[in-house]
Amino acid sequence: MRDRLLAAEKVKAIAWRDGALHLLDQRALPHQETWLACTDAAAVAQAITSMVVRGAPVIGITAAYGLLLGARQRHAQGGDWLAALEQDFTVLAMARPTAVNLSWALNRMRERLERVKDHVDVLDLLEAEAAAIHESDREANLTMAQLGVDLIRRQQGNLQTVLTHCNTGALATGGFGTALGVIRGAFIEGMIERVYADETRPWLQGSRLTAWELANEGIPVTVNADSAAAHLMKTKGITWVIVGADRITANGDVANKIGTYQLAVTAMHHGVRFMVVAPSSTIDMNLASGEDIPIEERDGRELLEVGGVRVGAEVDAFNPVFDVTPADLIDVIVTEKGVVERPDAAKLAQLMCRKRLH
Ligand code: MRU
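Residues numbered from 1 in each chain as written. Predicted model: local features only at pLDDT ≥ 70, side-chain atom pairs only at ≥ 80, totals over all residues. Heavy atoms only, no water.

Caption draft 1: Quick look at the domain arrangement of the protein. Here the domain parsing of the protein yields domain 1 (2–135) and domain 2 (144–352). Summarising the inter-unit geometry, the C-alpha centres of domain 1 and domain 2 are found 25 Å apart. Facing the 31 residues of domain 1 at the interface are 39 residues of domain 2. Both sides of the domain 1 and domain 2 interface together cover about 2900 Å² of buried area, and 62% of this is carbon and sulfur. Along the contact surface separating domain 1 from domain 2 lie 1 salt bridge. The closest approach of N and O atoms between Arg 96 and Glu 296, which form a salt bridge, is 2.9 Å. At the junction of domain 1 and domain 2, the tally comes to 15 residue pairs in polar contact (both at pLDDT 80 or more). Classifying every residue of the side of domain 1 that touches domain 2 by side-chain character gives 18 nonpolar, 7 polar and 6 charged. (Domains from an automatic or database assignment. Contact = heavy atoms within 4.5 Å. Buried area = accessible area lost by both parts, 1.4 Å probe. Salt bridge = Lys/Arg side-chain N within 4 Å of Asp/Glu carboxyl O. Polar contact = N/O pair within 3.5 Å; in protein donor to acceptor, adjacent residues only side chain to side chain. Nonpolar A, V, L, I, M, F, W, Y, C, P; charged D, E, K, R; others polar.)

See the structure below:
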């Protein structure tokens, strides 16, 4: 399974090359593959805000490289470069509010900087830290895929029909994916009959990105309107809903792409199991519950326009892009540190004390 999973990494969202961060513009996929080169932290922050790059884990990795770009630039300018770098920390931290991976990665860069700021090779050491953040996410994907596949195998024998939401694959991570990594692994193991991909309004991460990633590998995928989920659960024999996360709080509540909460409610009604797959960098033990998670609201035009053309009426639109699924609707959270069934505060605390499994 490992080699076939690693083959899915040929799709990459980001590349660090020749002192610049190259980002695959995900807004234009799947019809156009355009790469943008960023050479300073402000450009990286702008790319995150404008959805050139999206998905919690890869946002964190991108921010780490963005901070590295800032450090290289400020260092070259001389003077009190560490003080100047604070502006880059701030602009990157504010790029998007919900995915905690962003501040998690910036905190790691800050801790590293604190330790090596007087070192002659400070920039090389920061580069090594950004690369380590990237690599550890790849590794986490592998462990989570294995754990998720084991769960599916343990709980049900037959071929599975799964439903997923948004994009949690190679485009959203440093490897081949979180939820989509589990789905890929289960397919390789001959356990998946079909994947239903919610189209994921309004950015269409499901129909543009997830469907593209899966179809490229010959994994049977069908796109459905988000609002078809209950009907699908009732009529298509869905056995698992498998999704990613942008932030998991200390009690096991999960923020993820808008629409995830209603999937969890609907799954419980239909007896469909609900799995969340996310690296521990997505777990925010500083927040007690999902009520504390900042939920990003984007411009209402994203709902009222299609491809920049107004199709909706001339009214306001409310466009929260994440929601919070309460822990008691979740069957299992899969991380690289292990699996938490029926999550709660005690189990999450125990998990976070562990080292990673591999
Ligand atoms: O707005 P997006 O596309 O950044 O939202 C992404 C999601 O909600 C994903 O499900 C989440 O980040 C997990 S990605 C492994």
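Caption draft 2: Structural view of the pairing of strand 15 (residues 332–335). The two faces of strand 15 match: Val 332 and Val 334 on one face and Ile 333 and Thr 335 on the other face are all buried. Pairing between strand 10 (residues 273–277) and strand 15: 3 bridges, direction parallel. Within the sheet, the bridge partner assigned to Met 275 lies in strand 15 and is Val 332. As paired strands, strand 15 and strand 16 (residues 338–341) are joined by 4 bridges and run antiparallel to one another. Among the inter-strand pairings, Val 332 is bridged to a residue of strand 16, identified as Glu 341. Between strand 15 and strand 16, which pair antiparallel and follow one another directly, the connecting turn spans 2 residues. (Buried < 20%, exposed > 50% of the residue type's maximum accessible area, 1.4 Å probe, protein only. Helix = DSSP H or I, 4+ residues; strand = E, 2+ residues; numbered from the N terminus. Pairing = 2+ DSSP bridges.)

Caption draft 3: Geometry of the nonpolar core. In this structure, Ile 14, Leu 21, Leu 23, Ile 48 and Met 109 are the most contacted members of the largest nonpolar core, which totals 37 residues. When residues of this core are traced back to their parent elements, those giving at least two are strand 2 (20–24), helix 2 (41–49), helix 3 (56–77), helix 4 (81–93), helix 5 (101–116) and helix 6 (122–155). Leaving out residues up to four positions away in the same chain, Met 109 has contacts with Ala 64, Leu 67, Leu 68, Leu 126, Glu 129, Ala 130 and Ile 133. Judged by nonpolar contacts, the second largest core, of 25 residues, contains Leu 163, Ile 248, Leu 263 and Ile 333. (Core = buried A, V, L, I, M, F, W, Y, C linked by side-chain atoms within 4.5 Å.)

Caption draft 4: Molecular detail of the pattern of salt bridges. Here the structure, examined in full by the defined rule, presents 22 salt bridges. For Arg 110, the salt bridge identified is with Glu 86, shortest N-O distance 2.9 Å. Pair noted here: Arg 110 is in helix 5 and Glu 86 is in helix 4, with a separation of 24 residues, a long-range link. Using a relative accessible area of 30% as the deciding quantity, one classes Arg 110 as partly exposed. As a salt-bridge pair, Glu 217 and Arg 184 come within 2.6 Å of each other at their nearest N and O atoms. Of this pair, Glu 217 sits in the loop between helix 8 (205–216) and strand 6 (221–224) while Arg 184 is found in helix 7 (residues 179–188), placing the two residues 33 residues apart along the sequence. According to the relative accessible area criterion, Glu 217 is partly exposed, its value standing at 30%. Because the salt bridges share partners, they merge into one network encompassing Arg 96, Glu 296, Arg 298 and Glu 302.

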